[in-house]
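Structure at a glance
One letter stands for each residue in the lines below.
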Amino acid sequence: MTQYIYILMLFSKVSIGTETHISIIEAELRLDPVSCMMKAQEINSGATDESKLATCMPVLWSDEVSYD
């Protein structure tokens, strides 16, 4: 069976000198795209320059494995 799963990823901005990097701090598996996007929007709506950022990434998942 092939389906999409969704990964809610939380990032934090890290500034070192004049460079700014984004560092992943947490990831969470979600099966429902709506709840994943709503949680990301909730986190991002309160985001400031120093807070966490969130994104929801779809991943195609299949339990039909074939190795060449």
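Quick summary incoming for the structure in this document.

1. What to know about the state of the cysteines
Using the criterion set out here, one finds one disulfide in the structure. The disulfide partner of Cys36 is Cys56, and the gap between their sulfur atoms is 2.0 Å. The sign of the S-S torsion, about 125°, decides the handedness of the disulfide formed by Cys36 and Cys56: right-handed. With Cys36 in helix H1 (residues 33-45) and Cys56 in strand E3 (residues 52-62), this pair connects stretches of sequence that are 20 residues apart.

2. Quick look at the nonpolar core
Counting seven residues, the largest nonpolar core consists of Tyr6, Leu8, Leu10, Cys36, Ala40, Ala54 and Cys56. When contributions to this core are tallied by element, the ones reaching two or more residues are strand E1 (2-16), H1 and E3. Element by element, the count of residues in this core is highest for E1, at three residues. When near neighbours in sequence (up to four residues on either side) are disregarded, Cys56 contacts Tyr6, Ile7, Cys36, Met37 and Ala40.

3. A few points about the environment of Cys36
Given a relative accessible area of 0%, Cys36 falls into the buried group. When near neighbours in sequence (up to four residues on either side) are disregarded, Cys36 contacts Tyr6, Ile7, Leu8, Arg30 and Cys56.

4. Digging into the sheet that holds E3
Taken together, the three strands give an open sheet; going across it, the order is E2-E1-E3, and neighbouring strands pair in antiparallel fashion. A strand with exactly one partner marks an edge of an open sheet, and here the two such strands are strand E2 (19-30) and E3. Averaged over all neighbouring strand pairs, the angle between strand axes comes to 30°, with direction disregarded. Pairing of E1 with E3, which is carried by 11 bridges, proceeds in the antiparallel orientation. Bridge pairing in E3 places Thr2 opposite Ser62. Set on the sheet, H1 makes contact with E1, E2 and E3; between it and E3 the angle comes to about 165°.

5. Observations concerning the pairing of E1
Strand direction decides the pairing type here: E1 and E2, joined by 11 bridges, are antiparallel. Residue pairing for E2: Ser15 is matched across the bridge by Thr20. Between the antiparallel neighbours E1 and E2 lie two residues, among them Gly17 with a positive phi of about 65°.

Rules used in this analysis
Residues numbered from 1 in each chain as written. Predicted model: local features only at pLDDT ≥ 70, side-chain atom pairs only at ≥ 80, totals over all residues. Heavy atoms only, no water. Disulfide = S-S within 2.5 Å. Helix = DSSP H or I, 4+ residues; strand = E, 2+ residues; numbered from the N terminus. Core = buried A, V, L, I, M, F, W, Y, C linked by side-chain atoms within 4.5 Å. Buried < 20%, exposed > 50% of the residue type's maximum accessible area, 1.4 Å probe, protein only. Contact = heavy atoms within 4.5 Å. Pairing = 2+ DSSP bridges. Axes fitted to C-alpha atoms, helices over the stretch in contact; angles between N-to-C directions.

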